[in-house]
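Read off the chains here:
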Amino acid sequence: MSDEEKKDRKIGLVVRVDAHACLVDLEDRQVRCLLRGKLFESKGTSTKPVVVGDRVVVDVQADGEGALSEVLPRSTKLSRSAADKDGVEHVVVANVDTLIIVSAVKDPPVRTRLIDRFLVAGWRGGLLPIICFNKVDLCAEDEPLLVSAERTYEKLGIRVIRTSATDGRGIEEFRELLAGKISVLAGSSGVGKSSLLNRAVPGFELRTKHVGRKSRRGRHTTTAVSLYKVPGMGHIVDTPGIRGFGIWDVSREDLGAFFPEVVELAEQCRFRGCSHTHEPRCAVKLAVEEGTFSKERYESYCRILDSLAS
Ligand SMILES: Nc1nc2c(ncn2[C@@H]2O[C@H](COP(=O)(O)OP(=O)(O)OP(=O)(O)O)[C@@H](O)[C@H]2O)c(=O)[nH]1
Ligand SMILES: [Zn+2]
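Everything numeric here is computed off the predicted structure, so don't read it as measured data.

A. How the structure looks around the overall build of the chain. Looking only at helices and strands, one finds 9 helices and 15 strands in the chain. For the chain, whose C-alpha radius of gyration is 21 Å, the value lies close to the compact-globule estimate of 19 Å for 310 residues. Taking the principal axes of the C-alpha coordinates as reference, the chain spans close to 70 × 45 × 35 Å. Of all 310 residues assigned to the chain, the portion counted as buried reaches 47%. Long-range pairs, those at least 24 residues apart, make up 62% of the contacts in the chain with a sequence separation of at least 6. Carbon together with sulfur atoms contributes 49% to the accessible area of the chain, which is approximately 16300 Å² in total.

The following block contains the structure:
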């Protein structure tokens, strides 16, 4: 590329990535950049070198397309292990402040195992996790499952909100979460992520028409991670619903650091480096027996530990 051509060099924000190209927001316009060139030559341990939320350096060419020349360092990232390849990282989104973990109170049922995995991944990647229980119109206010889950997570210092995209409960609080921040919504398919955004963000539905498809049941479902800039509100990333979430870059020894209950108790364990599974006089196991550490949360800890390579 000649110096003349290099002149139109800009920094932009990646708002969508597909198999061959990404869409970069340059404030005054959006340019499409093909996923090719130097950046894509080396086969690293990541599925893609550029992801939604990345800040990138783009050379805008005469034909209006762009070429990516650099991905700027990420301040945070939400990563999972790639579903199909061992030892490969899949960065879902970069540079996001808040991870809004959306769960329905029913239809589909609450999946605390998945919530707990998101919490580990969120903290690991430097995001602030918040839990949103949606569809509260479908259960009583004092539904024991909901109340107990709320209590468990609030005790860990996590903010928990209740919403209904249908009757509007909690939408104001949800909107406040988004204000001035870059947020990502994550959760199983059908928990109501897109519905919440449609309800909270005026005009959101119109923007999202092209990134989904109709599911077999005729429902719109999100198929790609997409970032939306909402004037006066913040940046929002909607993600497709997921079934599982493999933890990336947390060792068996480090896992406890992402369970606040374990952090608090581990010093009282008899053995240093206690895994809190089979060791005698383990303060964590004792707390589970005494009921001060939630059995559900401990079960999540054990399952994640099992899934991590030793
Ligand atoms: N009763 C009730 N239904 C809701 C609520 N929010 C969403 N729904 C319904 O739940 C279904 C799924 O909602 P979506 O917003 O598409 O869920 P999603 O999490 O975006 O799903 P994916 O795009 O597949 O990840 C739709 O039929 C919505 O109408 C709610 O608060 N209450
Ligand atoms: Zn222990």
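B. Looking closely at the nonpolar core. Counting 48 residues, the largest nonpolar core has Val24, Leu68 and Tyr153 as its most contacted members. Excluding residues that lie within four positions of it along the chain, valine 24 makes contacts with Gly12, Leu13, Val14, Arg29, Gln30, Val31, Cys33, Val56, Val58 and Leu68.

C. Seen up close, the coordination of the zinc ion (ligand 2). Listed as protein donors to the zinc ion (ligand 2) are Cys269 (SG), Cys274 (SG), His276 (ND1) and Cys282 (SG); their distances from the metal cover 2.1 to 2.4 Å. Mapping the donors of the zinc ion (ligand 2) onto the primary sequence gives the spacing C-x4-C-x1-H-x5-C. Among the residues examined, histidine 276 registers a relative accessible area of 4% and is labelled buried.

D. The environment of arginine 117, seen in detail. Position of arginine 117 among the secondary structure elements: in helix α2 (residues 112–125). Accessibility expressed as a relative area gives 17% for arginine 117, which makes it buried. Measuring from C-alpha to C-alpha, the distance between arginine 117 and tyrosine 301 comes to 8.9 Å, with 184 residues separating the pair along the chain. If near-sequence neighbours (up to four positions away) are discounted, arginine 117 is found in contact with Phe245, Gly246, Ile247, Arg303, Ile304 and Ser307.

E. Structural view of the environment of glutamate 154. Counting through the fold element by element, glutamate 154 comes out in helix α3 (residues 144–155). The spacing of glutamate 154 and threonine 239 is 85 residues in sequence and 25 Å in space, taken between C-alpha atoms.

F. Representation of the side chain of arginine 297 within the structure. Tracing the sequence through the fold places arginine 297 in helix α9 (residues 295–307). Apart from the residues within four sequence positions on either side, arginine 297 is in contact with Asp116, Leu119, Thr152, Tyr153, Leu156, Phe259, Pro260 and Glu261.

G. The arrangement of the environment of arginine 281 in detail. Mapped onto the elements of the fold, arginine 281 is located in the loop between α7 (260–265) and α8 (283–290). For arginine 281, a relative accessible area of 63% puts it in the exposed group.

H. Representation of the pairing of strand β5 (residues 66–71) in the model. Bridge count for strand β3 (residues 30–34) against β5 is 2 bridges, and the pairing is parallel. By the bridge assignment for β5, leucine 34 is matched with alanine 67. In sequence, strand β4 (residues 55–60) turns back onto β5 through a hairpin of 5 residues, with glycine 64 there showing a positive phi of about 90°.

Here is what the cut-offs are and how they apply
Residues numbered from 1 in each chain as written. Chains lettered and ligands numbered in written order. Predicted model: local features only at pLDDT ≥ 70, side-chain atom pairs only at ≥ 80, totals over all residues. Heavy atoms only, no water. Helix = DSSP H or I, 4+ residues; strand = E, 2+ residues; numbered from the N terminus. Rg over C-alpha atoms; globule rule 2.2 N^0.38 Å. Buried < 20%, exposed > 50% of the residue type's maximum accessible area, 1.4 Å probe, protein only. Contact = heavy atoms within 4.5 Å. Areas by Shrake-Rupley, 256 points an atom, 1.4 Å probe, with all protein chains shown as cover. Core = buried A, V, L, I, M, F, W, Y, C linked by side-chain atoms within 4.5 Å. Donors = N, O, S within 2.8 Å, 3.2 Å for Na, K, Ca; no water. Pairing = 2+ DSSP bridges.

All we've got here are geometric facts, nothing functional implied.
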